[in-house]
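# Residue-level structural notes
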Amino acid sequence: MRYNTILFDLDGTLTDPKEGITKSVAYALQHFGIQVDELDSLICYIGPPLAVSFPEYHGISEEDTPTAVAKYRERFSNVGWAENVPYVGIEQMLAALKKAGKTLLVATSKPEVFAVRILEHFGLASYFDLICGAPMHAPKGHGKADVIRDALERAKVTELSNAVMVGDRLHDVEGAHRVGLPCIGVLYGYGDREEMEACRADYIAEDVAALSALL
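All figures in this text were calculated on a predicted structure; none of them were measured in a lab.

A word on the side chain of Glu195. If you trace the backbone, Glu195 turns up in helix H8 (residues 193-198). A polar contact is formed between the side chain of Glu195 and the side chain of Arg169, at a distance of 2.9 Å.

Okay, structure coming up:
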């Protein structure tokens, strides 16, 4: 591939955050009297901004959504962030890309402070030129395109034809396209082939080895 700048989503692309996110969502929902016993039913929360997911998936009102997000972060900031694991082969791929002289960026809807903490914890932060996340209190409507645009601006990337986004959900693909970037959709995270094809991912990688080969 001709791309010299590669932007990576975090959850479902670099690391598997399933345990930490689903347990923290369940904790937040419990505050509203909603008991969730099957954590896999909360996988839909991985990827999209929480302020969008709580109303969409559990009918939390606009007025109560900030409280739901705060309760989620109450648990996530203590233990949830560490209930995470890098996908097998990710570090080797990042090392190879860095050695090849690529500019590597993280563009995640997760608050930046958590993204930095997670990547530092797993020894992955040093591979990235910039780790860009959402503000802790993002304004309403702040989406993946805003995070990607911010990452490009902060990294002073002006030649978009040399950049590509990598992510596992439709929000990554749609956000990249809004900014004018192509996107590689990966299938080892939380989106499937049907989702990637429906949102017109420019490339599809079934696993980390396939992603590494593409890049």
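That shown, we press on.
Considering all chains together, one arrives at one cavity of 30 Å³ or more under this definition. Considered as a void within the structure, the largest cavity measures approximately 40 Å³ in volume. Forming the boundary of the largest cavity are Asp9, Asp11, Gly47, Ser109, Lys144, Asp168, Arg169, His171 and Asp172. The class makeup of the residues in the lining of the largest cavity is no nonpolar, three polar and six charged.

All right, on to the sheet that holds strand S8 (residues 203-205) then. Strand order in this open sheet of six strands is S5-S4-S1-S6-S7-S8, and the pairing throughout is parallel. Across the chains shown, the open sheet's two edge strands, defined by having one partner strand only, are strand S5 (130-134) and S8. Shown here is a sheet whose adjacent strand axes are inclined to one another by a mean of 25°, direction ignored. Sheet topology note: the strand S7 (residues 183-186)/S8 ladder contains three bridges and is parallel. Among the inter-strand pairings, Gly185 is bridged to a residue of S8, identified as Ile204. Packing against the sheet, helix H4 (residues 90-99) makes contact with strand S1 (5-8) and strand S4 (103-111), and its axis sits at approximately 155° to S1. Helix H7 (residues 170-179) rests against strand S6 (163-167) and S7 of the sheet, and its axis sits at about 180° to S7.

The subject of this paragraph is unusual backbone geometry. Non-glycine residue Lys156 carries a positive phi angle of around 60°. By the secondary structure assignment, Lys156 is in the loop between helix H6 (144-154) and S6. If you check the backbone angles, Arg200 has positive phi at about 65° while not being a glycine. Structurally, Arg200 is set in the loop between H8 and S8. Looking at Arg200, the relative accessible area reads 67%, which means it is exposed.

How each quantity is defined
- Residues numbered from 1 in each chain as written.
- Predicted model: local features only at pLDDT ≥ 70, side-chain atom pairs only at ≥ 80, totals over all residues.
- Heavy atoms only, no water.
- Helix = DSSP H or I, 4+ residues; strand = E, 2+ residues; numbered from the N terminus.
- Polar contact = N/O pair within 3.5 Å; in protein donor to acceptor, adjacent residues only side chain to side chain.
- 1 Å grid on protein atoms, 1.4 Å probe; cavity = no way out; pocket = protein on both sides within 12 Å on 5 of 7 lines; lining within 4 Å.
- Points joined across faces, edges and corners; volume = space filled by probe spheres on them.
- Nonpolar A, V, L, I, M, F, W, Y, C, P; charged D, E, K, R; others polar.
- Pairing = 2+ DSSP bridges.
- Axes fitted to C-alpha atoms, helices over the stretch in contact; angles between N-to-C directions.
- Contact = heavy atoms within 4.5 Å.
- Buried < 20%, exposed > 50% of the residue type's maximum accessible area, 1.4 Å probe, protein only.

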